[in-house]
Amino acid sequence: MTEAVQFTGVSRLFGNTRAVDNVSLSIPDGEFFSMLGPSGSGKTTCLRLIAGFEQPSAGSIRLHGEEAAGVPPYLRDVNTVFQDYALFPHMNVQDNVAYGLKVKGVAAAERRTRAREALQMVALGEFGERRPAQLSGGQRQRVALARALVNRPRVLLLDEPLGALDLKLREQMQSELKKLQRQLGITFVFVTHDQTEALSMSDRVAVFNHGRIEQVASPRELYLKPQTAFVAEFVGTSNVLRGELAQRLCGQPRAFSIRPEHIRFAQGEAASDEVQVSAFVHDVQFQGSATRIELRLDNGQPLTVSQANDHRQGQAPAWQPGQRITARWPRAAMTYLHDAQVLP
Amino acid sequence: MNLALEHRTGGTAPGPRRRLANLLYRRPGLYLALLLLPPLAWFGAVYLGSLANLLWQGLYTFDDFSMAVTPELTLANLVALFNAANLDIILRTLAMAVAVSIASALLAFPIAWYMARYTRGRMKAFFYIAVMLPMWASYIVKAYSWTLLLAKGGVLQWFLAHLGLEPALLWLLGLPWLGGSTLSTSHLGRFLVFVYIWLPFMILPIQAALERLPPSLLQASADLGATPRQTFVHVVLPLAVPGIAAGSIFTFSLTLGDFIVPQLVGPPGYFIGSMVYAQQGAIGNLPMAAAFTLVPIVLIAAYLAIVKRLGAFDAL
């Protein structure tokens, strides 16, 4: 009974569209849980089901063991950080943060103290008198966070809260959010379409596709052992090989995934536990910390390889388009996929 | 790429139209001034200029014996506004304008809310047309038809009689501030006609204000623990107030200036509008009419100042 959130066979239909399709998941208390997926994959609808803005068409949702169906949002011990922050434009920052306390009838003096504390927690102690319109995007985001946390919810929902921030700020907020979650011990449910964000912050990640969950796993497992072609390709970059080619390379008619950074270029004989293919270089992209080499196998199948750049490399790229090359990778680095079996 | 470049630089010298376009591009201030000058000139001369001229005439002298206006400046007209009779007219009109604005806002809000929150596409177009359609019909015809609806033995009374509500109507008509001998000669009847005629002017601004209200604000409020009632009081209403204020400026000022409805419906007695009409028409006292014109302007300015003081425009 320590599950903060439990979905059992939950579906949400909009007309004939199954936005959420028979989803079951459970999130233990105190976990940083991410819902990852492309837009329209059902992750935000799941979040809204937890918050109470949507009601499930089928299935059951339990919050800390209590059935949540039919419970309106204002009676749930859950707070949300909205994608557009949804700050009240007619109130100053302090009143925004104190709003949840005010509607619950907390006395004015305590409201002020707690709002100030919450603002200090997100390093905005000096900004209480400002209007939301006078803040930058990153500051508004922190106000939204303070406004949710001041209520001391048991579950905090975050709907792509970092989407509108620039890269530097996003990375900074990522580590701050993670730190905050550890400090407070609150369950965080974090919705994002950014796989790096999900991998770097979460205890566990659920990958959504077409309203269904493809896989729920720790970031490490998700990356190293993707179970489906969708997960392999959505989380990081991957080469998914199937059909006849897969049969020839590994002796089994099963699709598999191999990460670009696990592929090496051959020097000498292949070891017995390695797979080896001949290809030619199609394109070379310098990406800073790594170089990405697009290969084409003889049957036209593309293969992406990533090689870390180190200081010994000269100015000129080591690979030229059109060059013939032998690529190899250890069998252990290959992950067999559950779906996408033998394709003609 | 090379070809395109040569084409650009090797062409003939730019023509006068191109040179003018370039000049306007380089001097955006000039461009803006040229665009704004004609409408500003029209607005300044025709609207503000003539209004200032009219108000200035409120300071002219009207000779009661010769019925002639002489351009001798006097404050007598403005002082005359505070005569018991004139003050009565002003207060009567003001009370009606306030009542009409409040009733219109109460009626308009649910309709505007429904339009902004629940209608899409064709349904929304239908509502826009339904709200504006009555404004397309002649105002005088509508006012006249109300005199028939409200008349003794008219449709409304017949309908109320069938509902068994005639005693209630008679009781209402017996009240000193609402009543009259029949509905069509009562304050209540006049109020009904005003509300009917100005309601669309209240619905549309409120609808526009509610349309700008992001749904996520309502969800955020509920998420933070506010009941629907609290959300309405703390979030919806404050953000709708600019729309209500805009709508009430219409209903308020249109009622203050109207001179037809007070003549057709309701008990005898002047309104500000009908007083202006009478002063400048039958009596020919243009300075007094001009002085009366000042009253709605001052009242609306005071109203706006109060509304602003209450924080109605903070959300803008």
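Residues numbered from 1 in each chain as written. Chains lettered and ligands numbered in written order. Predicted model: local features only at pLDDT ≥ 70, side-chain atom pairs only at ≥ 80, totals over all residues. Heavy atoms only, no water.

Details of the overall build of chain A
To keep things clear, this is the line we draw: For helices the rule is a DSSP run of H or I covering at least 4 residues; for strands it is a run of E covering at least 2, with both sets numbered from the N terminus onward. Two residues form a contact once any of their heavy atoms are found within 4.5 Å. To measure how exposed things are, a 1.4 Å probe is used in the Shrake-Rupley method; for residues, cover is taken only from the protein chains shown. We count Lys and Arg on the positive side and Asp and Glu on the negative side, and we leave His and both chain ends out. Charge positions are represented by NZ for Lys, CZ for Arg, CG for Asp and CD for Glu.
Scanning chain A for helices and strands turns up nine helices and 18 strands. Seen along its three principal axes, the alpha-carbon backbone of chain A occupies a region of about 75 × 50 × 35 Å. For chain A, long-range pairs separated by at least 24 residues make up 66% of all intrachain contacts whose partners lie at least 6 apart in sequence. Total accessible area on chain A is roughly 16000 Å²; 47% of this is exposed by carbon and sulfur atoms. Treating the 39 positive side-chain charges of chain A as one cloud and the 35 negative ones as another, the clouds have centres 3 Å apart.

Observations concerning the interface of chain A and chain B
The test is simple: A simple way to read buried area is as the amount of 1.4 Å-probe accessible surface that goes missing from two parts once joined, with both sides added. For this document, the term salt bridge refers to a Lys or Arg side-chain nitrogen within 4 Å of an Asp or Glu carboxyl oxygen. Counted as a polar contact is a pair of N or O atoms within 3.5 Å, where, for protein atoms, one must be capable of donating a hydrogen and the other of accepting one, and residues adjacent in sequence contribute only when both atoms are in side chains.
On the side of chain B, 20 residues touch chain A, which itself brings 25 residues to the contact. Summed over both sides, the interface of chain A with chain B buries roughly 1900 Å², with 62% coming from carbon and sulfur. For the pair chain A and chain B, the number of links is zero salt bridges. Where chain A meets chain B, there are nine residue pairs in polar contact (both at pLDDT 80 or more). Looking at the side of chain A that touches chain B, the elements that each hand over two or more residues are helix H1 (43-51), strand E6 (78-81), helix H2 (93-103) and helix H4 (137-149) of chain A.

Quick notes on the domain arrangement of chain B
The figure often quoted for interface size is the accessible area lost as the parts come together. Test applied: For the domains described, the bounds stem from an automatic or database domain assignment.
As assigned here, chain B comprises domain 1 (2-48) and domain 2 (83-309). Its C-alpha centre places domain 1 of chain B at a distance of 47 Å from the equivalent point of domain 2 of chain B.

Concerning the UniProt feature "domain: ABC transporter" (unreviewed entry) in chain A
Rules: UniProt positions are given in the numbering used here, feature names are shortened, and annotations may be inferred rather than shown by experiment.
Per the UniProt record, the feature "domain: ABC transporter" (unreviewed entry) sits at residues 5-235 of chain A. As annotated, residues 5-235 of chain A has a helix share of 36% and a strand share of 27%, and its two end C-alpha atoms lie 24 Å apart.

Overview of the confidence of the model for chain B
Residues and elements named next belong to chain B. Rules: Residue-level confidence of the predictor, termed pLDDT, takes values from 0 up to 100.
Here chain B shows a mean pLDDT of 87. Residues at 70 or above account for 94%. Looking across chain B, the model is least confident in helix H1 (residues 2-9), with a mean pLDDT of 51, and most confident in helix H11 (residues 215-223), with 94. Under the prediction, the complex receives an ipTM of 0.83, its pTM being 0.80.

Regarding the sheet that holds strand E2 (residues 17-28) of chain A
All names here are of chain A. Going by this rule: In short, DSSP must find at least two bridges between two strands for them to pair. Axes here mean lines fitted to C-alpha atoms, for a helix over just the part in contact, with angles spanning 0 to 180 degrees between N-to-C directions.
The four strands lie next to each other as E2-E1-E4-E5, forming an open sheet whose pairing is antiparallel. On the outer flanks of this sheet lie E2 and strand E5 (66-67), each paired with one strand and no other. Pairing geometry for strand E1 (residues 3-14) and E2, over eight bridges, is antiparallel. Looking at E2, one finds that Glu 3 is bridged to Pro 28. Against the sheet, H1 contacts E1, E2 and strand E4 (58-63), and its axis sits at roughly 120° relative to E1.

With respect to H2 of chain A
Put simply, the test is: Residue exposure (1.4 Å probe, protein chains only): buried if accessible area is under 20% of the type maximum, exposed if over 50%, otherwise partly exposed.
In terms of burial, H2 of chain A is largely enclosed, as nine of its eleven residues are buried. Where H2 of chain A is buried, its residues meet helix H3 (108-121) and H4 of chain A together with H11 and helix H12 (228-257) of chain B. For H2 of chain A, the N-terminal cap is Asn 92 of chain A; the gap from its side-chain oxygen to the backbone nitrogen of Gln 94 of chain A is 3.2 Å. The positive-phi residue at the C-terminal boundary of H2 of chain A is Gly 105 of chain A, with phi of around 85°.

Things to note about unusual backbone geometry
With glycine set apart, most residues show a phi of negative sign, and most peptide bonds adopt trans. Residue and element names in this part refer to chain A. In this model, Ala 86 sits at a positive phi of 50°, which is unusual for a non-glycine residue. Among the residues examined, Ala 86 registers a relative accessible area of 4% and is labelled buried. Backbone geometry places Glu 160, a non-glycine residue, at a positive phi of 45°. Note on placement: Glu 160 falls in the loop between strand E7 (155-159) and helix H5 (167-184).

Things to note about the sheet that holds strand E18 (residues 335-336) of chain A
Residues and elements named next belong to chain A. A sheet is described by the order of its strands in space; here three strands give the open sequence E11-E12-E18, paired in antiparallel fashion. Of all the strands in the sheet, the pair left with one neighbour each is strand E11 (239-241) and E18. Note that E11 and strand E12 (residues 256-258) share three bridges and pair antiparallel. Each residue of the ladder has a partner; that of Asn 239, found in E12, is Ile 258.

Considering the packing of aromatic side chains
Residue and element names in this part refer to chain B. Inclusion rule: Stacked, edge-to-face and tilted are the three classes for Phe, Tyr and Trp ring pairs, Trp counted by its six-membered ring, which pair at centre distances within 6.5 Å; planes under 30 degrees apart are stacked, over 60 edge-to-face, the rest tilted. Any Lys NZ or Arg CZ found within 6 Å of a ring centre and within 35 degrees of that ring's normal is scored as a charge over the ring.
If you walk through the whole model with that rule in mind, you get 21 aromatic pairs over all chains. Ring geometry for Phe 43 and Tyr 47: centres 4.9 Å apart, planes at 20°, overall stacked. Within this pair, Phe 43 and its partner Tyr 47 are both found in helix H3 (residues 28-57), separated by four residues, close to a single helical turn. Classification of Tyr 47 by relative accessible area gives partly exposed; the value is 46%. Ring geometry for Phe 259 against Tyr 277: centres 4.7 Å apart, planes inclined by 20°, an arrangement best described as stacked. One end of the pair, Phe 259, is in the loop between H12 and helix H13 (261-264); the other, Tyr 277, is in helix H14 (residues 272-283), and 18 residues separate them in sequence. Overall, the relative accessible area of 31% leaves Phe 259 in the partly exposed class. Every member of this aromatic cluster is reached through a ring pair, and the members are Tyr 139, Phe 194, Trp 198, Phe 201, Phe 250 and Phe 271. Over the ring of Trp 113 we find Arg 117, and its NZ or CZ is 5.3 Å from the ring centre.

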